[in-house]
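Next come the chains, spelled out residue by residue.
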Amino acid sequence: MSFSPDVTETLARARADLRMGVPVVLGDILVLAAETLTEERLADVMTLQGDAVLAITARRAQTLKARAYDGDLARVILPKDATLKWVQSIADPADDLRAPMKGPLGAMRGGDATLHNTALNLVKSARLLPAAVVIDLIDSVAFTRTHGLTAIDGAAATAHLQIRSPLHSVVNARLPMEVSEAGRLHIFRPEDGGEEHYAIEIGRPDRSAPVLCRLHSACFTGDLMGSLKCDCGPQLRAALAQMGSEGHGILLYLNQEGRGIGLANKMRAYSLQDQGFDTVEANHRLGFEDDERDFRLGADILKTMGFSAVRLLTNNPRKVEMMEQCGVRVAERVPLSVGENRHNAAYLATKAAKSGHLL
Ligand SMILES: Nc1nc2c(ncn2[C@@H]2O[C@H](COP(=O)(O)OP(=O)(O)OP(=O)(O)O)[C@@H](O)[C@H]2O)c(=O)[nH]1
Ligand SMILES: [Zn+2]
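Just so you know, these numbers come straight off a predicted model, no measurement behind them.

**Some details on the overall build of the protein chain**
Piece 1. Tallying secondary structure elements over the protein chain gives 15 helices and 13 strands in all.
Piece 2. Taken against the 2.2 N^0.38 rule, which gives 21 Å for 359 residues, the C-alpha radius of gyration of the protein chain at 22 Å falls within 12% of a compact globule.
Piece 3. Taken over the C-alpha atoms alone, the protein chain extends approximately 65 × 55 × 30 Å along its principal axes.
Piece 4. A sequence separation of at least 24 residues applies to 67% of the contacts in the protein chain between residues at least 6 apart.
Piece 5. A total accessible area of about 17,000 Å² is found for the protein chain, and carbon and sulfur atoms account for 52% of it.
Piece 6. Charge centroids of the protein chain, computed over 41 positive and 44 negative side chains, lie 4 Å from each other.

Take a look at the structure:
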């Protein structure tokens, strides 16, 4: 029978559980997202046998001066008297400057950390702060049954989290727009229950020639609210305007808010920027890489729509590289420098200096 959820579907359930604060069982470990942990659940974790650890990224560990013995991962040992506040202060850098001393932090070393890494990736893919409380279970099958938890096979989860979920075209419909009456909106949906992505087709571009294309990442603040902290809104409108005036184009609107960390984490990054950190440092203090986006999604959509070459509107060389690597030829990079103002000048300068953006 096909009624039971497969690994992809179980992982989607696990993400929803973690976002609500419900623990999940991953192989033979129990995983709780630090961001949604409660006093009560932490107290219950402390009654279990074994050492609970807080899995964090090496990036976050660097700020906390904790040792990361497992590559990108650090396993900070929870002291027996760890409070919720303590866990939150390790996971969330909001108060780093006000309360800098958390240590010395003991870190676990040795043994297989694969599942800890998978737990961290799972929490991250749920768009939560990258920090997970993890403890070994003696009998994970009985524990799962007793508490009615979502359980995922460890090896299958580890493998699945590396794979990009296929995107399927759901529907498309005519969308007359200010820039062109010949607009059409296409919706693409991944199989893993993740965010949908959109393609806005202007006119009916020739599939056999390079199409004017923008690979735009969602920015609620810039695209919709007119935020002056970035250049996204003006870039979005300038790209659409150019497509309208040329009569053809494809704008891919990828729901990878905040360079892939989600809006809540982007706002955490903005808070850190108000404390004096730049856009890249803020991401690192939160435990993220500079840029967590996967541009291969864009290439997948273009190929599905029948395009194999683009004139790409961007200042970001990584977008050009990724397109080429995914088999979409970039016939031309079309610069898109608009919307600089006194609030975003430092942000744009940081992107040029640290992320290689071309001016
Ligand atoms: N984490 C984080 N994300 C930000 C910040 N400011 C803007 N963003 C996000 O950065 C992304 C910018 O996307 P794009 O305009 O497609 O990308 P880009 O890398 O600047 O490249 P081009 O605009 O093509 O030159 C959006 O997802 C924004 O939400 C910030 O300070 N921190
Ligand atoms: Zn923006």
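**Side note on a nonpolar patch on the surface**
Piece 1. Judged by side-chain polarity, Phe220, Leu224, Met225, Leu263 and Met267 come together as a nonpolar surface patch covering roughly 460 Å² of accessible area.
Piece 2. For the nonpolar patch, the secondary structure elements donating two or more residues are helix H8 (220-224) and helix H11 (263-274).
Piece 3. Mapped onto the elements, Phe220 comes out in helix H8.
Piece 4. Phe220 sits in the partly exposed class, given a relative accessible area of 36%.

**Here we look at the sheet that holds strand S11 (residues 249-254)**
Piece 1. Pairing is mixed in the open sheet, where seven strands are placed in the order S7-S8-S9-S11-S10-S12-S13. Looking at which strands have only one partner, the edges of the open sheet turn out to be strand S7 (167-174) and strand S13 (329-334). Strand-to-strand, the axes of this sheet are offset by a mean angle of 25°, without reference to chain direction.
Piece 2. Strand direction decides the pairing type here: strand S10 (residues 211-217) and strand S12 (residues 309-313), joined by three bridges, are parallel. Each bridged residue has a counterpart across the sheet, and for Leu212 the counterpart in S12 is Arg311.
Piece 3. Across the sheet, helix H14 (residues 317-325) lies against S10, S12 and S13, angled at about 165° from S13, the strand it touches most.

**Topic: the site of ligand 1**
Piece 1. With respect to spatial proximity, 26 residues lie near ligand 1, and among them Arg214, Gln273, Thr314, Lys319 and Lys351 are the closest.
Piece 2. Here an oxygen atom of ligand 1 and a backbone polar atom of Ser217 are 3.1 Å apart.
Piece 3. Between an oxygen atom of ligand 1 and a side-chain N or O atom of His357, the distance comes to 3.0 Å.
Piece 4. Its free accessible area being 660 Å², ligand 1 has 99% of it covered by the protein chains.
Piece 5. Examining the composition of the shell around ligand 1, we find that four residues originate from one element, S10, more than from any other.
Piece 6. Considered class by class, the residues forming the shell around ligand 1 number seven nonpolar, 12 polar and seven charged.

About the criteria used
- Residues numbered from 1 in each chain as written.
- Chains lettered and ligands numbered in written order.
- Predicted model: local features only at pLDDT ≥ 70, side-chain atom pairs only at ≥ 80, totals over all residues.
- Heavy atoms only, no water.
- Helix = DSSP H or I, 4+ residues; strand = E, 2+ residues; numbered from the N terminus.
- Rg over C-alpha atoms; globule rule 2.2 N^0.38 Å.
- Contact = heavy atoms within 4.5 Å.
- Areas by Shrake-Rupley, 256 points an atom, 1.4 Å probe, with all protein chains shown as cover.
- Lys, Arg positive; Asp, Glu negative; His and termini not counted.
- Charge placed at Lys NZ, Arg CZ, Asp CG, Glu CD.
- Patch = residues over 30% accessible without salt bridge, like charges linked within 9 Å, V, L, I, M, F, W, Y side chains within 5 Å.
- Salt bridge = Lys/Arg side-chain N within 4 Å of Asp/Glu carboxyl O.
- Buried < 20%, exposed > 50% of the residue type's maximum accessible area, 1.4 Å probe, protein only.
- Pairing = 2+ DSSP bridges.
- Axes fitted to C-alpha atoms, helices over the stretch in contact; angles between N-to-C directions.
- Near = heavy atom within 4 Å.
- Polar contact = N/O pair within 3.5 Å; in protein donor to acceptor, adjacent residues only side chain to side chain.
- Nonpolar A, V, L, I, M, F, W, Y, C, P; charged D, E, K, R; others polar.

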